[in-house]
Amino acid sequence: MMGHITSKDAYKNLEERINWFTQGAPPSESLYKILQVLYTETEAKWVALLPVRPFTAKKAAKIWQISEGKAEALLENLCQKALLVDSFYNGVRQFVMPPPMAGFIEFALMRTRGDIDQKYLSELYYQYMNVEEDFVKDLFFATETRLGRVYVQEPVLTNNNTIHILDYERASHIIEEATHIGLGTCYCRHKMSHTGQSCAIDAPWDVCLTLGNVARSLAEHGQHARLIDKQEAMDVLERSYAANLVQMGENVREDPAFICNCCGCCCEALQAARKFSPMQPVATTNYLPKIAQECIGCGKCEKVCPVLAISMSTNAEGKKIAQVDHEVCLGCGICVRSCPKKVIELVRREVQVITPVNSTHRFVLQAIEKGTLQNLIFDNQAFANHRAMAAVLGVILKLPPLKQMLASKQFKSIYLDKLLSK
């Protein structure tokens, strides 16, 4: 059926398919080589034809023009390699291709495996993400709505500022609410170790948390994560706090798919924060550190800040004192924990950070901002799926008028105009 497609075409088509996501992966020779490691040529051919929205084995069989049984076996194998994740909707198994990040790029290094050359893959990842900058710029800065957000270190909050913290701002609450929790190897530190650049703070590796359906799928297929209980997940948070790691999760209020525990030296997001300062690659917390006059200028906070937002300066009396650059600060609270004199406290930001409700809300906002909304809606497979359509339109109807107008303009659709005018 697809015999006429050359090897180069197969990977180029897959590249194009990945870029149907609101979050894409800019083509380059490095990406081409990465896809060759992750996908066989045949897998690249099959996956390039799959829809953006969730689909069933029946749908894949129809697209691929093969039997449903054979399609199920192929899809199962792709789940085992963490190139697809599955879920169950009303008892029907559905599949979806995860985005590049947080997605199939990380999944390949979330456990030690022998079926791919992880050292070679890590070197390719380093080239694609740390040397070439297109992917990182696109991932973190192409849209106003960010992919990830920072959680505040809960142990450093005093009674005074816990009054205002909302449930979805707490990593502990997210863990409490999760249906499944998976623990895997930190992809960033794993990757960097293969390039001969070990973590500068020697942070633990076994702190990568996946949540909900993604955790279940990764654990059940190929054991890319290990399912753990809430107590062990809280222990992961405690160990991460102690190691001065920043908690970052998917930028949503409900059911985030992951919480990473990140170091400034290895994490791509924190590296981007340093490299492209003062642009912030992730949504900050609603807090900022305030340093009291009693600061003794010891420099411990400056040393532990993962995004280099703190510097030492000399005040009018000639005394050394720490200063925070509020434009750069993520509001994580690591500095508060490190202060020996306890003269740093977190205060609520004047302007509150808006967090999208869920993944669909985030996708739609990002698609509007990036001008790719039509891909979500007019994906040839998704168009027939009224539930997917309703979910996207439902989100658009809840957007502020200006964003609705942008969405409407992109569609140039009478259908949407009518919906918005109701």
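Residues numbered from 1 in each chain as written. Predicted model: local features only at pLDDT ≥ 70, side-chain atom pairs only at ≥ 80, totals over all residues. Heavy atoms only, no water.

### With respect to the state of the cysteines
Applying the stated rule across the entire model yields 0 disulfides. Note on Cys266: no disulfide assigned, nearest cysteine sulfur contributed by Cys263 at a separation of 3.7 Å. On the basis of relative accessible area, Cys266 is assigned to the buried category, the value being 1%. Sulfur of Cys335: no disulfide; nearest cysteine sulfur belongs to Cys332 and is 6.4 Å away. (Disulfide = S-S within 2.5 Å. Buried < 20%, exposed > 50% of the residue type's maximum accessible area, 1.4 Å probe, protein only.)

### Here we look at the packing of helix α2 (residues 29–38) against helix α7 (residues 118–131)
Between α2 and α7, the least distance of the axes is 9 Å, while the angle of their chain directions is 155 degrees. The angle between α2 and α7 falls in the class roughly antiparallel. You can see that α2 and α7 cross each other, and the crossing is left-handed. Of α7, the residues touching α2 (which contributes Ser30, Leu31, Lys33, Ile34, Val37 and Leu38) are Tyr120, Leu121, Leu124, Tyr125, Gln127 and Tyr128. Looking at side-chain class alone, the contact of α2 with α7 contains 9 nonpolar, 2 polar and 1 charged residues. (Axes fitted to C-alpha atoms, helices over the stretch in contact; angles between N-to-C directions. Helix = DSSP H or I, 4+ residues; strand = E, 2+ residues; numbered from the N terminus. Parallel < 35°, antiparallel > 145°, perpendicular 65-115°, else oblique. Left-handed = near helix turned anticlockwise from the far one by under 90°. Contact = heavy atoms within 4.5 Å. Nonpolar A, V, L, I, M, F, W, Y, C, P; charged D, E, K, R; others polar.)

### Re the pattern of salt bridges
Under the criterion given, the structure shown has 22 salt bridges. Lys81 is the salt-bridge partner of Glu43, the closest N and O atoms lying 2.7 Å from each other. Separated by 38 residues along the polypeptide, Glu43 in helix α3 (residues 41–47) and Lys81 in the loop between α5 (68–80) and β1 (85–89) bring together distant segments of the chain. As far as burial versus exposure is concerned, Glu43 and Lys81 are alike and both buried. Note that Arg93 is salt-bridged to Glu76, the shortest N-O span being 2.8 Å. You can see Arg93 sitting in strand β2 (residues 92–96) and its partner Glu76 sitting in helix α5, a full 17 residues away along the chain. (Salt bridge = Lys/Arg side-chain N within 4 Å of Asp/Glu carboxyl O.)

### Observations concerning the nonpolar core
By size, the foremost hydrophobic cluster in this structure holds 113 residues, and its most contacted members are Leu38, Tyr39 and Tyr125. By residue number, the principal contributor to this core is α2, which donates 6 residues. Among residues more than four places away in sequence, those in contact with Tyr39 are Tyr11, Leu14, Ala44, Val47, Lys81, Leu83, Met97 and Phe104. Within the second largest apolar cluster, 13 residues are counted, among which are Val52, Val392, Leu393 and Val395. (Core = buried A, V, L, I, M, F, W, Y, C linked by side-chain atoms within 4.5 Å.)

### Considering the packing of aromatic side chains
Tallied over the entire structure, the rule returns 7 aromatic pairs. Here the aromatic rings of Phe141 and Phe276 are separated by 5.5 Å at their centres, their planes lie at 80 degrees, and the arrangement is edge-to-face. Taken as a pair, Phe141 in helix α8 (residues 134–141) and Phe276 in the loop between α14 (268–275) and β9 (287–291) lie far apart in primary sequence, 135 residues in all. You can call Phe276 buried: its relative accessible area is 15%. Over the ring of Tyr32 we find Lys8; its NZ or CZ atom is 4.2 Å from the centre of that ring. Of note, Arg253 hangs over the ring of Tyr168, and the distance from its end group to the ring centre comes to 5.5 Å. (Phe/Tyr/Trp six-rings, centres within 6.5 Å; stacked < 30°, edge-to-face > 60°. Lys NZ or Arg CZ within 6 Å of the ring centre and 35° of its normal.)

These results come straight from atomic positions and should not be treated as a statement about function.
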